[in-house]
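# A closer look at the structure
Each chain is listed here by its residues.
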Amino acid sequence: MATQEEVYGGLERPDLDRELSWAEHELKERERTKHVHRLHPYLGKFVPQLVEVCLRRHFVSGGLVLDPFAGSGTTLVECTTFGAHAVGVDISAFNALLCRVKTGRHDLDRLAVLLADALAGLDDVTPDGPVSEYLADWFAPEALADLLRFRALIPVAGDEADVMRVVLSRAARSARRAPHHNLESPRVPVTGPYWCHKHRRTCTPTTDARQFLVRYARDTVKRLAEYAAIRGEVEVDVIHGDARLASLPSGIDGLITSPPYPGRIDYHGQHRYAYELLGLQDRRPEEIGNPSRGLSRAAFAAYCDDVAAVFANARAYLQPGAPVVIVIDDVRDLYTTILEQAGLELVTRHVRHVNRRTGRRDEGYFEAVLVARA
Ligand SMILES: C[S@@+](CC[C@H](N)C(=O)[O-])C[C@H]1O[C@@H](n2cnc3c(N)ncnc32)[C@H](O)[C@@H]1O
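Residues numbered from 1 in each chain as written. Predicted model: local features only at pLDDT ≥ 70, side-chain atom pairs only at ≥ 80, totals over all residues. Heavy atoms only, no water.

The next point concerns the overall build of the protein. Helix and strand counts for the protein come out as 13 helices and nine strands. The C-alpha radius of gyration of the protein comes to 21 Å, within 12% of the 21 Å expected for a compact globule of 374 residues. If one aligns the C-alpha atoms of the protein with their principal axes, the spans along those axes are about 60 × 45 × 40 Å. A burial count over the protein gives 53% of its 374 residues as buried. (Helix = DSSP H or I, 4+ residues; strand = E, 2+ residues; numbered from the N terminus. Rg over C-alpha atoms; globule rule 2.2 N^0.38 Å. Buried < 20%, exposed > 50% of the residue type's maximum accessible area, 1.4 Å probe, protein only.)

What follows is the structure, given as structure tokens:
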């Protein structure tokens, strides 16, 4: 495995920020996915260590940090262990749920009991409720029945209920009729044996969701306990809404975010199983950059207006001169205009190298870390 020095020593990029660039070897997966960062998979997150460095460079503990594109909550979680208060906004109901569960303070003893009771009681429940075409297509009947039984045992309200929803969703993701080599964005369900590129052998889609419910119930309690031990006494506010219009607290000390980019990731679509099972509200028409908008000139123009509107809205709540840190792989150089349009002044443009392997993909590319001022 190449070291940091071998990967970056020879690069002719004087603008490369070595503190923000990690060789795979130096930043192990278990560190990138430490404690609650792996409560549920999410395509399109940045590494927590990147946020750690940005917090250290631009913020002091006790401050209030905004992430208007909160996603899976990486910024929010890192703020809480750094000692800053945080407010996050996301248009995806599932992402907002995940952010709340990750950053919340939970009664873990009660949670462990609720999970154990639910798992022990699965056979006493008759799965009911309408089954959508999506659920019928993407799950084997036995797997779906167990997921529906577990769902029926989630209390109607309460903080632990949300944690159980995340456990259900993670188990559903693993129990889908998706090929092992493409759990991130499977296109069609696999219903019989298939050649698996991940395991290099013929695999068969699972019919067993219970194994995942058991495994993730245990893993979730463990991860939440690890996080609880290092979470600071700070407040986190998660807003499920459109960041162009969201009403925020005033006097925010700065912002760290990674916006969506046109056509790259369907942030609602990647968690469709959760929307279907949990009956979450789909706000895809308000999702900026969703691939369904296409890549036309008009789509890019709309994207720029939308992201500029998010930053202009945030600026109204930021302290004058507050740092605005934006991590973006801006291949079309849209952000010079976006920042101007939002009334933000660009101070520095760092370049970081993303040296990471995910599944079968070898993701090596440069991305920008823009530091602007309100
Ligand atoms: C690149 S992801 C952020 C990932 C995040 N940094 C993390 O580590 O998990 C961009 C997020 O912007 C959200 N988003 C898109 N349009 C939005 C809008 N109008 N208001 C708020 N959030 C939006 C998407 O749902 C997605 O979760």
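Alright, that's what it looks like, and here's the rest.
The subject of this paragraph is the environment of alanine 172. Topologically, alanine 172 is positioned in helix H9 (residues 159-175). Residue classification places alanine 172 among the buried residues on the basis of a relative accessible area of 0%. The spacing of alanine 172 and lysine 102 is 70 residues in sequence and 19 Å in space, taken between C-alpha atoms. Those residues in contact with alanine 172 that sit more than four places away from it in its chain are Phe139, Leu147, Tyr273 and Leu277. (Contact = heavy atoms within 4.5 Å.)

Taking 1.5 Å per residue, 13 residues should reach 18 Å; helix H6 (residues 108-120) reaches 18 Å between its end C-alpha atoms and fits that length. Buried within H6 are the following residues: Leu108, Leu111, Leu114, Leu115 and Ala118. Along the axis of H6, the buried residues cluster in a sector spanning 120°; they form a single face. Counted as exposed and oriented over 90 degrees from the buried face of H6: Asp109, Asp117 and Ala120. (Expected span 1.5 Å × (residues − 1). Arc of directions from axis to C-beta.)

Rolled over the atoms, a probe sized like a water molecule indicates the empty space that remains. Taken as a whole, the second largest pocket spans an internal volume of roughly 330 Å³. Taken together, 16 residues make up the lining of the second largest pocket; nearest its centre are Glu184, Ser185, Pro186, Gly269 and Gln270. Going through the elements one at a time, helix H7 (133-138) and helix H11 (272-278) are the ones with two or more residues in the lining of the second largest pocket. Within the lining of the second largest pocket, the residues separate by chemical class into seven nonpolar, three polar and six charged. When residues of the lining of the second largest pocket are assigned to domains, at least three fall in each of domain 1 (4-92 + 236-373) and domain 2 (108-228). (1 Å grid on protein atoms, 1.4 Å probe; cavity = no way out; pocket = protein on both sides within 12 Å on 5 of 7 lines; lining within 4 Å. Points joined across faces, edges and corners; volume = space filled by probe spheres on them. Nonpolar A, V, L, I, M, F, W, Y, C, P; charged D, E, K, R; others polar. Domains from an automatic or database assignment.)

This part covers the nonpolar core. Counting residues in each nonpolar core, the largest one holds 48 residues, and the members touching the most others are Leu111, Leu115, Phe139, Leu147, Phe150, Met164 and Leu168. If you tally residues by element for this core, the top one is H9, at nine residues. Not counting chain neighbours up to four residues away, the residues in contact with leucine 147 comprise Phe139, Leu168, Ala171, Ala172, Ala209, Leu213 and Leu277. (Core = buried A, V, L, I, M, F, W, Y, C linked by side-chain atoms within 4.5 Å.)

Lining the immediate surroundings of the ligand are 25 residues, of which Tyr42, Ser72, Thr74, Asp90 and Ser258 lie closest. Here an oxygen atom of the ligand sits 2.6 Å away from a polar atom, N or O, in the side chain of serine 72. Isoleucine 288 places a main-chain nitrogen or oxygen 2.9 Å from a nitrogen atom of the ligand. Split by residue class, the shell around the ligand holds eleven nonpolar, nine polar and five charged. (Near = heavy atom within 4 Å. Polar contact = N/O pair within 3.5 Å; in protein donor to acceptor, adjacent residues only side chain to side chain.)

With that settled, consider the pattern of salt bridges. One pass over the full model with this rule turns up 25 salt bridges. The salt bridge partner of arginine 283 is glutamate 286, with a shortest N-O separation of 2.9 Å. Judged by its relative accessible area of 16%, arginine 283 is buried. The exposure class of glutamate 286 is partly exposed, given its relative accessible area of 27%. Note that arginine 373 and glutamate 345 form a salt bridge whose closest N and O atoms lie 3.5 Å from each other. Residue arginine 373 is located in strand E9 (residues 361-373), and its partner glutamate 345 is located in strand E8 (residues 345-358); the two are separated by 28 residues in the primary sequence. Each of Arg170, Asp219, Lys222, Arg223 and Glu226 takes part in one network of salt bridges that share partners. (Salt bridge = Lys/Arg side-chain N within 4 Å of Asp/Glu carboxyl O.)

Glancing now at the packing of aromatic side chains. Per the counting criterion, the structure on display carries five aromatic pairs. Judged by centre distance (6.0 Å) and plane angle (20°), the ring pair of phenylalanine 212 and tyrosine 216 falls under stacked. With phenylalanine 212 and tyrosine 216 both in helix H10 (residues 210-228) and four residues apart, the pair spans about one turn of that helix. We note that phenylalanine 212, like tyrosine 216, is buried. Between tyrosine 261 and tyrosine 303, the aromatic rings sit 5.8 Å apart at their centres with planes inclined by 65°, giving edge-to-face as the arrangement. In this pair, tyrosine 261 sits in the loop between strand E6 (254-257) and H11 while tyrosine 303 sits in helix H12 (residues 297-315), placing the two residues 42 residues apart along the sequence. Each member of the pair, tyrosine 261 as well as tyrosine 303, carries the same accessibility label: buried. (Phe/Tyr/Trp six-rings, centres within 6.5 Å; stacked < 30°, edge-to-face > 60°.)

For the protein, the assigned domains read domain 1 (4-92 + 236-373) and domain 2 (108-228). For domain 1 and domain 2, the distance between their C-alpha centres works out to 28 Å. Across the contact, 21 residues belong to domain 1 and 24 residues belong to domain 2. Between the two partners, domain 1 and domain 2, sit zero salt bridges. Summed over the shared surface of domain 1 and domain 2, the number is six residue pairs in polar contact (both at pLDDT 80 or more). Mapped onto the side of domain 1 that touches domain 2, the elements with two or more residues apiece are helix H4 (74-82) and H11. With six residues, the single largest contributor to the side of domain 1 that touches domain 2 is H11. Considered class by class, the residues forming the side of domain 1 that touches domain 2 number nine nonpolar, six polar and six charged.

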